[in-house]
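Analysis of the macromolecular model
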Amino acid sequence: MSNDATHFPKITEKALDELRQRIGVPITDTVEPWNYEATRDAIRHYAHGIGDDNPLWCDPEYAAKARFGTIAALPSFLFTTSRIVSGYVGGLSGTHAMWAGANWQWHKPVLRNDTIRTEAKLKDLIEHQTRFAGRSFQQIYNVKFYNQHGDNVAEADSWCFRTDRDVAREQGTKYKEVKAREPRKYTDDDLSKIFELYAKEEVRGANTRYWKDVQVGEKLPRMVKGPMTVTGFICYAQGWGGLYIRANKLAWAQHHKHPGLGIKNRFGIPDCPERVHWEEEFALKVGTPGAYDYGPERTSWLTHHLTNWQGDAGFLRSHQSQIRRHNPEGDAIWIDGEVTRKFEEGGKKLVEVKQKAVQQDGETSATGVGIVELP
């Protein structure tokens, strides 16, 4: 056993049975979203939270002359309109949840001042054996998104893995080698190579990319994200809203209603489990290699890679992502993509792009498959 006196609730068969009874039942009582409306500021704050300065989302004068005649929301903005798609899970009180992927489909653009409502349900609960925490459970939710006209603008399945924190910390083997390494120290030369990619990052914009000009095997420009800092994680939370970040009376009310969320910090004060993203001490207690980035953030980086490439006239139709490891503070990742298919379906001209994000030690951080519609 660990010498650390902190121990957490276990996953029990009773709790699992109670959770399975919720499968397929519409969720009507949940915490309100960070954003109901796709305002100019809400869209810009989310875009800037992932390091995306595309003028189609951020510049009203530019957007007025573009395809939609107004600012559009980047595809991943919808994470801000549903806590559930972002990882607000029910059941298994006190058991850690780690967001691990999503399958998105977008049907219509979300434009400035659109109002979004959602319908959600628990879709499935699947048992896995993992290197990170042994017995774990993939908790899958389905969420549909509607605008103020009743149009279904998007749909997503997203999932978290529910893990036993004590097992992950004391017995998990996934990060044994990572934890044994010396902390990454970047030289000026290391940073210059990363910053060079930032300087060369291309937003395709009004330079239309046509379907006929795209070739199977074509490589997308490499994108970099990082090196990771707690400042960057907080920047994302500012645009996304987080799941459990509350202050003062509202924090008390949340912990009073859901006691499993209020895990005491080193001062003996109940605080939210989300602090794994900025508090290294707590992150280590749940078995991760340090304070780490958000899963929806990383999926948003993958879709950012695609929207840069597709240009204003393109439309991201679907995206499947899998988060493969944690990106702790100090990591950097490089995102590459390749066109793997061109096809036509329902009168639409479509391109499939497969993506892979790799961190500085060559380990896979995330994978993605996007379907882009081009003119």
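In this report, we go over the structure that sits alongside the text. (Residues numbered from 1 in each chain as written. Predicted model: local features only at pLDDT ≥ 70, side-chain atom pairs only at ≥ 80, totals over all residues. Heavy atoms only, no water.)

Looking now at helix α11 (residues 295-310). With 16 residues, α11 ought to run about 22 Å at 1.5 Å a step, and its terminal C-alpha atoms sit 23 Å apart, in line with that. Immediately downstream of α11, the backbone of Gly311 shows phi near 80°, a positive value. (Helix = DSSP H or I, 4+ residues; strand = E, 2+ residues; numbered from the N terminus. Expected span 1.5 Å × (residues − 1).)

Trp104, Phe145 and Trp309 are the most contacted members of the largest nonpolar core, which totals 76 residues. No other element matches helix α8 (residues 230-240), which puts five residues into this core. Residue contacts for Trp104: discarding those within four places in its chain leaves Leu78, Phe79, Val85, Phe145, Ala154, Glu155, Ala156, Arg317, Ser318 and His319. Residues Met98, Ile263, Val276 and Tyr292 belong to the second largest nonpolar core, which totals seven residues. (Core = buried A, V, L, I, M, F, W, Y, C linked by side-chain atoms within 4.5 Å. Buried < 20%, exposed > 50% of the residue type's maximum accessible area, 1.4 Å probe, protein only. Contact = heavy atoms within 4.5 Å.)

The next point concerns the packing of aromatic side chains. Throughout the structure, instances matching the rule amount to ten aromatic pairs. Look at Tyr46 and Tyr236: their rings are 5.5 Å apart centre to centre, the planes differ by 65°, and that puts the pair in the edge-to-face class. Pair noted here: Tyr46 is in helix α2 (residues 40-49) and Tyr236 is in helix α8, with a separation of 190 residues, a long-range link. Given a relative accessible area of 0%, Tyr46 falls into the buried group. According to the relative accessible area criterion, Tyr236 is buried, its value standing at 0%. With centroids separated by 5.2 Å and ring planes inclined at 85°, the aromatic side chains of Phe79 and Trp104 adopt a geometry described as edge-to-face. Of the two residues, Phe79 is situated in the loop between α4 (60-64) and β1 (96-106) and Trp104 in strand β1; the sequence distance between them amounts to 25 residues. (Phe/Tyr/Trp six-rings, centres within 6.5 Å; stacked < 30°, edge-to-face > 60°.)

Empty space within the second largest pocket amounts to approximately 420 Å³. The wall of the second largest pocket is formed by 19 residues, among which Pro183, Arg184, Pro289, Pro328 and Glu329 lie closest to the centre. Broken down by secondary-structure element, the contributors of at least two residues to the lining of the second largest pocket are α6 (176-180) and α10 (280-285). When its residues are assigned to classes, the lining of the second largest pocket shows six nonpolar, four polar and nine charged. (1 Å grid on protein atoms, 1.4 Å probe; cavity = no way out; pocket = protein on both sides within 12 Å on 5 of 7 lines; lining within 4 Å. Points joined across faces, edges and corners; volume = space filled by probe spheres on them. Nonpolar A, V, L, I, M, F, W, Y, C, P; charged D, E, K, R; others polar.)

Note that every value here comes from positions in space, so none of it alone points to a role or purpose.
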